[in-house]
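Now for the letters of each chain:
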Protein chains: 2
Amino acid sequence: MQHLDATFAALADPVRRAILARLAQGEATVGELAKPFAISQPAISRHLRVLEAAALIRRERDGQHRRCRLDARGLERASEWLDFYRRFWSDSFDRLERHLKRNKGASHD
Amino acid sequence: MQHLDATFAALADPVRRAILARLAQGEATVGELAKPFAISQPAISRHLRVLEAAALIRRERDGQHRRCRLDARGLERASEWLDFYRRFWSDSFDRLERHLKRNKGASHD
DNA sequence: GTGTTGCATAACCGTTATGTTATATAACTG
DNA sequence: CAGTTATATAACATAACGGTTATGCAACAC
């Protein structure tokens, strides 16, 4: 669960989630990932290190570049953890409420 | 996604996850939640505040006590976010690797 | 009323996180 | 080789986090 600490902590940052969103469309180099953000390149480098430590991305050298892509492991760990709890809110107490909420125009994000 | 910031950050702490695990077995008062931990009661109170702010738990007064229970909203938000990414690791690149990993003795934490 | 219990809040403190700028390293380019 | 590009690391400032103890307040018990 150290693992989960790192994974959830990594996911708690909007810049890092944006990086993951970008990588969901395909791999990218560090520079490409940094471009959309107003923060410095070193800051991005550190975000990437956090993501890598959380097994949310992988990096591999490609000549002068470092190509990044999603890593299933971290995502899966987080997802599995949450799946355990899905049980509790899907078949016990909050069923009605969820139902009402869902049928009221769910916007994503 | 401020919401997601708060939710994932709340989930990143092992004490808070343990609290959620306890609440998955049913509601509990603050004192009951605090008992298993070696940390002070005020520390628990703050963890609960974080969890409540993240919509991961709810608290309601019950006389002298405050009863806590899981709140579906936060859990669901986190889960939905991850579901988006599930696509990318379940039907694209890491399939083989996941397969190998899975069939190699998966231990659940 | 007084005392006790259950919990929250305040003030403080050390650690960790996130940003910055400056610098280092490694790979390409000529 | 020297110069440029891509990325990482170092050193530092500030803010956020998580713990502590001390205290406040509401609800119960007498």
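The preceding data block contains the structure.
Residues numbered from 1 in each chain as written. Chains lettered and ligands numbered in written order. Predicted model: local features only at pLDDT ≥ 70, side-chain atom pairs only at ≥ 80, totals over all residues. Heavy atoms only, no water.

Sorry, what's going on with the overall build of chain A here?
Scanning chain A from terminus to terminus reveals six helices and three strands. In chain A, the succession of α and β elements from N to C terminus is α-α-β-α-α-β-β-α-α. Across the 109 residues in chain A, those meeting the buried criterion constitute 40%. Put simply, 47% of the contacts in chain A that link residues at least 6 apart link residues at least 24 apart. In the form shown here, chain A has an accessible surface area of approximately 6300 Å², with 51% of it arising from carbon and sulfur atoms. (Helix = DSSP H or I, 4+ residues; strand = E, 2+ residues; numbered from the N terminus. Buried < 20%, exposed > 50% of the residue type's maximum accessible area, 1.4 Å probe, protein only. Contact = heavy atoms within 4.5 Å. Areas by Shrake-Rupley, 256 points an atom, 1.4 Å probe, with all protein chains shown as cover.)

Explain helix 1 (residues 2-11) of chain B here, please?
Side chains that are three or four residues apart share a direction in an α-helix, a result of its 3.6 residues per turn. Listed in full, the buried residues belonging to helix 1 of chain B are L4, T7, F8, A10 and L11 of chain B. One side of helix 1 of chain B holds all its buried residues, which, seen down the axis, span an arc of 160°. (Arc of directions from axis to C-beta.)

Just checking my understanding: could you explain the protein's contact with DNA strand C for this structure?
In the vicinity of DNA strand C there are 21 residues, among which S40, R46 and H47 of chain A together with S45 and Q64 of chain B approach most closely. When atoms of DNA strand C within 4 Å of the protein are split into backbone and base, the sugar-phosphate part holds 60%. In this structure, a phosphate oxygen belonging to DNA strand C sits 2.2 Å away from a side-chain N or O atom of S45 of chain B. The side chain of Q64 of chain B places a nitrogen or oxygen atom 2.4 Å from a base oxygen of DNA strand C. When contributions to the surface near DNA strand C are tallied by element, the ones reaching two or more residues are helix 4 (41-53) of chain A together with helix 3 (30-34), helix 4 (41-53) and strand 3 (65-70) of chain B. Residue composition of the surface near DNA strand C, by class: five nonpolar, 10 polar and six charged. (Near = heavy atom within 4 Å. Polar contact = N/O pair within 3.5 Å; in protein donor to acceptor, adjacent residues only side chain to side chain. Nonpolar A, V, L, I, M, F, W, Y, C, P; charged D, E, K, R; others polar.)

Sorry, what's going on with the packing of aromatic side chains here?
Inspection of every chain in the model, using the stated rule, returns seven aromatic pairs over all chains. Ring geometry for F8 of chain A and F8 of chain B: centres 6.0 Å apart, planes at 20°, overall stacked. Here F8 of chain A, found in helix 1 (residues 2-11), pairs with F8 of chain B, found in helix 1, and the two come from separate chains. With a relative accessible area of 0%, F8 of chain A lands in the buried category. Centroid distance F84 of chain B to Y85 of chain B: 4.8 Å. Interplanar angle 90°. Geometry classified as edge-to-face. Judged by its relative accessible area of 33%, F84 of chain B falls in the partly exposed class. (Phe/Tyr/Trp six-rings, centres within 6.5 Å; stacked < 30°, edge-to-face > 60°.)

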